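Chain by chain, the residues:
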Amino acid sequence: MIDSMVLSLRGVRFAYPDGRRALHGVDLDVRRGERVALLGPNGAGKTTLVLHLNGIHAGEGTVEVDGLPVTKANLTEIRRRVGIVFQDPDDQLFMPTVAEDVAFGPANLGLRGPELDARVDEALAQVGMSEHRDRAPHHLSFGQRRRVAVATVLAMRPSVLVMDEPSSNLDPAARRELADILLGLDVTLLMVTHDLPYALQLCERALILDAGKITADGTTREILADEALLARHRLELPYGFTVPTGA
Amino acid sequence: MGAGHAHLLHLPHDSAVHRLPPEVKIAASVGFTLLVVLTPREAMWAFGVYALLLAIVVAAARVRPGWLLRRVVIELPFVLIALLLPFFGGGETVHWLGLNLSVTGLYGAWNIAAKGTLGVVSSLLLAATTPVNDLLTGLDRLRCPRVMTQIAGFMLRYGQVLGEEAARMRVARLSRGYEQRFLWQLRAWATGAGALFLRAFERGERVYVAMLSRGYAGVMPRLGGRPARPAEWAAALTLPAVTGAVALAAALT
C-alpha cells in the first residue's frame, strides 16, 4: 500500500560542498505508525539523512513525505509534516519562555489566538510539561528541556517525529520518562540513536546506515541479536546486556 | 549574563506599575527623559517637580529608595566630570570658599547632574518594574525594528548558554594547571576566547537549522499577550504629560 507510506526515499545521494560524500544512494520506506530506529556508527551520515527529510539538505534522488515530494515549493508543508527534535535542546529552544517556543512552529504555519494557545497546551500536556509553560528554557533541567523540544515539534502535529539521539545526556530516570512519553504518543517515529537498548525498547524495526548506505533493515530484535552484523558496523550492545528472548 | 543578572535591575513583585504593559512604560520613561532634557537648566524649580513626580512613581511601584540609590551610582563617573566644569569653565566667575568658580560651568554641572540623575532613575524604575523579556515585547509592540528585538532576544537566550560554555572551558583549563595570574598564559585565554567564538558560530548555524525545521521563513511570528488598553496608556502617559506641562511653563517663564 503505497498511500500508507509516511516516508519514501529513493536513490538519495548527497555530497557536502567540500566534496565529502555523505550519502551513497539511500532507499527507505517508513509506514504510518511504524517506529524505526536508525542505527549506525559516527560519521555514517545519519544526521545528513535526517536533514534530507525536511529539505534542509537536498541532493540527488527523491524524498516524499505522505506522498508529497520534498521540493522548494512544498517546504512549509513538508516542515510541518516532518518534526525534527535535534540532539541539543539548547539549539532548539531559543525563545524567552517555554510556551512561546512551543508556539513558534505553529505560529510559522499561520496559527494565532485561541487556536494557537490550544496547540501549545496540547503539546505541553503530551510531554507532561504544562506547569512549566511560562518558565525560561535555561531554568529547566536537561531532561525537561528535551521534553519541551519534543513538544515544540508535536505542536505542529507532524506526520512523522524524527529524533536525533533522544537519550543522549539524560540521566537514567529522565531517559525512562522520555521513553514513557514516546511510547504513549500515537505517532510515526524515526529515531537516530547509538543507544541500542533504547532502540529495542521503543522501536520494532531497525535500520543500519553505514558509509552512506542502508546496510541492514529488519526487526530490532533480529538486528541486535546479530553480533557479527553489529560488529561490522562498529555497533555493540552495552556490557552485560543481552537481547531478551521471547516476545 | 542573561537572566542570571536580570535580577540585578529587576525587582520581581506586584504593584500597579509592575502590572502596566511594557510598551506604555517604555513610552512614559523615554518621553519623561526627553522632556527633562529639553527643560531650560535655569528653571530649577521644574527639576524639583520632576523629582517629586518620580517619587510618586517610586511609591506606586513599591521600590525602596535605598535600592534605587545603590544603583544610581552608575552615573558617578559622569557626575565627577560635571563637577570639574565650574573650575575650567570660562566667562563670569563667582567667589565661594576662596575658589573662583565659573557661572556657566556651575550651570553646566547642575544641568548634567540633575538631568542625568532624573534620566537614570526613570530608566531604573522601568527596569525594576519590567522583566527584561517584556521589555523586548514592549519594544516590538512600539514597532521597534524586528531585527533589533530579535538580536537582543537571542543575546539574552544564548548569553546564558555561552556563559556556561565559557565557565566549563575555564574549569577545564584550570584542571590542567592553568593559573590566570601569569601574564604569559594570556595566550591560553585568548585561544579559549577564539574557541568560544567558533562554538558560538557553530551553535548559531545549528539554531538556524532548527528554526528552519519548524517552518521559519525569515519572519518571526508576532506573539504573546494583549496590547495595552487605552486606560493603561492614559495612566502611564500622565507622567510625560505633566512633565511636558512643567517643561512648557519653565520655558515660558
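Criteria and cut-off values
Residues numbered from 1 in each chain as written. Chains lettered and ligands numbered in written order. Predicted model: local features only at pLDDT ≥ 70, side-chain atom pairs only at ≥ 80, totals over all residues. Heavy atoms only, no water. Axes fitted to C-alpha atoms, helices over the stretch in contact; angles between N-to-C directions. Helix = DSSP H or I, 4+ residues; strand = E, 2+ residues; numbered from the N terminus. Left-handed = near helix turned anticlockwise from the far one by under 90°. Contact = heavy atoms within 4.5 Å. Nonpolar A, V, L, I, M, F, W, Y, C, P; charged D, E, K, R; others polar. UniProt positions renumbered as here; feature names shortened; annotations may be inferred. Salt bridge = Lys/Arg side-chain N within 4 Å of Asp/Glu carboxyl O. Buried < 20%, exposed > 50% of the residue type's maximum accessible area, 1.4 Å probe, protein only. Pairing = 2+ DSSP bridges. Buried area = accessible area lost by both parts, 1.4 Å probe.

### Points about the packing of helix H4 (residues 98-108) of chain A against helix H6 (residues 142-154) of chain A
Residue and element names in this part refer to chain A.
1) Next: Remark: H4 packs on H6, axes separated minimally by 7 Å, with the N-to-C direction vectors making an angle of 35°. Two packed elements cross with a definite hand, and for H4 against H6 that hand is right-handed. Within the contact between the two elements, H4 uses Val98, Asp101 and Val102 and H6 uses Val148, Ala151 and Thr152.
2) Next: Class assignment for the residues of the contact of H4 with H6 results in four nonpolar, one polar and one charged.

### Quick word on the UniProt feature "transmembrane region" (unreviewed entry) in chain B
Residue and element names in this part refer to chain B.
1) Next: Under the UniProt annotation, the feature "transmembrane region" (unreviewed entry) is placed at residues 43-61, 68-88 and 233-252.
2) Next: Helix makes up 86% of residues 68-88 and strand 0%. Its end C-alpha atoms lie 32 Å apart.
3) Next: Between the first and last C-alpha atoms of residues 233-252 the distance is 28 Å; the span itself is 100% helix and 0% strand.

### Regarding the pattern of salt bridges
1) Next: Tallied over the full model, the rule gives 25 salt bridges over all chains.
2) Next: Asp66 of chain A is paired through a salt bridge with Arg32 of chain A; the nearest N and O atoms lie 2.9 Å apart. A residue pair is termed long-range when its members are at least 10 positions apart, and Asp66 of chain A in the loop between strand E4 (60-65) and strand E5 (68-69) and Arg32 of chain A in the loop between strand E2 (21-31) and strand E3 (35-39) qualify at 34 residues.
3) Next: Judged by its relative accessible area of 25%, Asp66 of chain A falls in the partly exposed class.
4) Next: On the basis of relative accessibility, which here comes to 47%, the residue Arg32 of chain A falls in the partly exposed class.
5) Next: A salt bridge links Arg146 of chain B to Asp140 of chain B, with the nearest nitrogen and oxygen atoms 2.6 Å apart.

### Quick notes on the sheet that holds E2 of chain A
Residue and element names in this part refer to chain A.
1) Next: Spatial ordering of the open sheet is given by E2-E1-E4-E5, a layout of four strands whose pairing is antiparallel. Only two strands of the sheet have a single partner each, and these edge strands are E2 and E5.
2) Next: With eight bridges connecting them, strand E1 (residues 5-15) and E2 associate as antiparallel partners. Among the inter-strand pairings, Arg13 is bridged to a residue of E2, identified as His24.
3) Next: Relative to E1, helix H1 (residues 46-53) is tilted by about 120°, and along the sheet it contacts E1, E2 and E4.

### A closer look at the interface of chain A and chain B
1) Next: With 29 residues of chain A at the contact, the number on the chain B side is 23 residues.
2) Next: With both chains or domains summed, chain A and chain B bury close to 2300 Å², and 59% of this area falls on carbon and sulfur atoms.
3) Next: When the buried area of chain A at its contact with chain B is split by residue, Asp91, Phe94 and His138 of chain A rank highest and sum to 29% of it.
4) Next: Counting every contact that joins chain A to chain B gives four salt bridges.
5) Next: Among the elements of the structure, strand E6 (82-85), helix H3 (89-92) and H4 of chain A are those that each provide at least two residues to the side of chain A that touches chain B.
6) Next: Of all the elements, H4 of chain A adds the most residues to the side of chain A that touches chain B, at seven residues.

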